[in-house]
Amino acid sequence: MTDRPKLYEGKAKIIYPTDDPDVLLTYFKDDATAFNAQKRGQIGNKGRINCAISTHLFQLLEARGVPTHWIDTPSEREMRVRAVKIIPLEVVVRNLAAGSLCKQTGLPLGLALNPPLVEFYYKNDGLGDPLLTDERLRLLDLATPEQVIELKRLALEVDRYLTDFFADCGITLVDFKLEFGVDAQGLLLLADEISPDTCRLWDQAAEDETQRVLDKDRFRQDLGQVEEAYQRVLDRVLAHAASF
Ligand code: UDP
């Protein structure tokens, strides 16, 4: 870790400046939160595991031509990334119904969604990250109409690559959340992290519903063995990373 003053501290990561204004250092913490930070705790080794999983997934996406903020991973918990201005939108892609979609619509858990559903949430803790309609998205002007189209296209492209990759790992990518930012040159880059904190991942080999959960739902629902599940995802990702 660095002694430099923090630029920003979030729930799961700390951002530090570097000598290069175009480059930031992201430090992955073990802290875990859920339900808009009403539930707090720690997941052992989460920082190390999520840094490694994110590194591999960003590398995979870069290799497929998706522009990301990832530069390199100088240590177990640190990632160097391009400095971007984060667009305050959470872009969620859903392949199977789960979480808030089931709660708010009554759709059954695990229902296949074809084509996948892309949703935009306003990234605003004070407001509880509300789901936006197209009209509210336009009204709030958080991204240009062209950016919104591009965000949706990129999100679906990321979904295709990650769904295929996780399927090779014996894991179903149920849903996930992406964040994007704009760099100093005006380029739209995939940012933040991609990890069991931000994806729902189900083990295809599991014998029951509780065992299959390999993501933050284990923490949200107190299912136990959270670190073991995250480590299992990392082991599978590493075993298949050679096929990027
Ligand atoms: N998600 C996230 N951060 C958030 C909200 C959601 O990473 O602030 C992820 C979540 O882990 C899941 C997907 O986005 O993979 C869809 O989440 P959902 O809307 O179902 O929310 P939740 O069940 O967490 O209320």
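Use the structure listed above.
Peer 1: In this structure, what is going on with the overall build of the chain? I would like to understand it.
Peer 2: Regarding its fold elements, the chain presents seven helices and 13 strands. Its C-alpha atoms give the chain a radius of gyration of 17 Å, near enough to 18 Å, the size a compact globule of 244 residues would have. By principal-axis analysis of the C-alpha atoms, the chain measures approximately 50 × 40 × 40 Å. Taking all 244 residues of the chain together, the buried fraction comes to 50%. Summing over all exposed atoms, the chain offers an accessible surface of approximately 11,900 Å²; the carbon and sulfur share of this is 50%. The average position of the 30 basic charges and that of the 40 acidic charges among the side chains of the chain differ by 3 Å.

Peer 1: Please explain the packing of aromatic side chains as it appears in this structure.
Peer 2: The description of an aromatic ring pair rests on the distance of the ring centres and on the angle between the ring planes. Tallied over the full model, the rule gives one aromatic pair. In this structure, Lys39 is placed above the aromatic ring of Phe219, and the distance from its NZ or CZ to the ring centre is 5.0 Å.

Peer 1: Explain the site of the ligand here, please?
Peer 2: For the ligand, the set of nearby residues contains 16 residues, the closest of which are Arg94, Ser100, Asp175, Arg200 and Arg220. A distance of 2.6 Å separates an oxygen atom of the ligand from a polar side-chain atom of Asp175. Separating an oxygen atom of the ligand from a side-chain N or O atom of Arg200 is a distance of 2.6 Å. For the ligand, whose accessible area on its own is 520 Å², the fraction buried by protein is 80%. Elements that contribute at least two residues to the shell around the ligand include exactly strand E9 (89-96), helix H2 (99-105), strand E11 (171-182) and strand E13 (199-203). Taken together, the residues of the shell around the ligand sort by class into five nonpolar, three polar and eight charged.

Calculation criteria
- Residue positions are given per chain, counting from 1 as you read along its sequence in written order.
- A pLDDT threshold of at least 70 governs which residues receive local features in this predicted model, and a stricter bar of 80 or more applies before side-chain atom pairs are shown or counted, although totals over entire chains, interfaces and linings include all residues.
- To obtain the side-chain values, all non-hydrogen atoms of the structure were used and water was disregarded.
- Numbered from the N terminus, helices here are DSSP runs of H or I no shorter than four residues, and strands are runs of E no shorter than two.
- Values of the radius of gyration come from C-alpha atoms, whereas the globule rule sets the reference at 2.2 Å times the count of residues to the power 0.38.
- Between buried and exposed lies partly exposed: a residue is buried under 20% and exposed over 50% of the maximum accessible area for its type, with that area taken using a 1.4 Å probe on protein chains only.
- We get accessible surface area from the Shrake-Rupley algorithm with a probe of 1.4 Å; when it comes to residues, only the shown protein chains can shield them.
- The charge count includes Lys and Arg as positive and Asp and Glu as negative, but it does not include His or the ends of the chains.
- For charged residues, the charge sits on one atom: NZ in Lys, CZ in Arg, CG in Asp, CD in Glu.
- Stacked, edge-to-face and tilted labels apply to pairs of Phe, Tyr and Trp rings (six-membered ring for Trp) whose centres lie within 6.5 Å, assigned for plane angles under 30 degrees, over 60, and everything in between, in that order.
- Charge-over-ring contacts are defined here by two conditions on Lys NZ or Arg CZ: a distance within 6 Å of the ring centre and an angle within 35 degrees of the ring normal.
- Here, proximity means that at least one heavy atom of the residue falls within 4 Å of the molecule or strand.
- Any N or O atom pair separated by 3.5 Å or less is treated as a polar contact, with the protein-specific requirement of one donor-capable and one acceptor-capable atom, and with residues adjacent in sequence counted only for side-chain atom pairs.
- Side-chain classes follow a simple rule in which Ala, Val, Leu, Ile, Met, Phe, Trp, Tyr, Cys and Pro form the nonpolar group, Asp, Glu, Lys and Arg form the charged group, and the remainder, Gly included, forms the polar group.

So, to be careful, I would describe these as geometric facts and stop short of saying anything about function.
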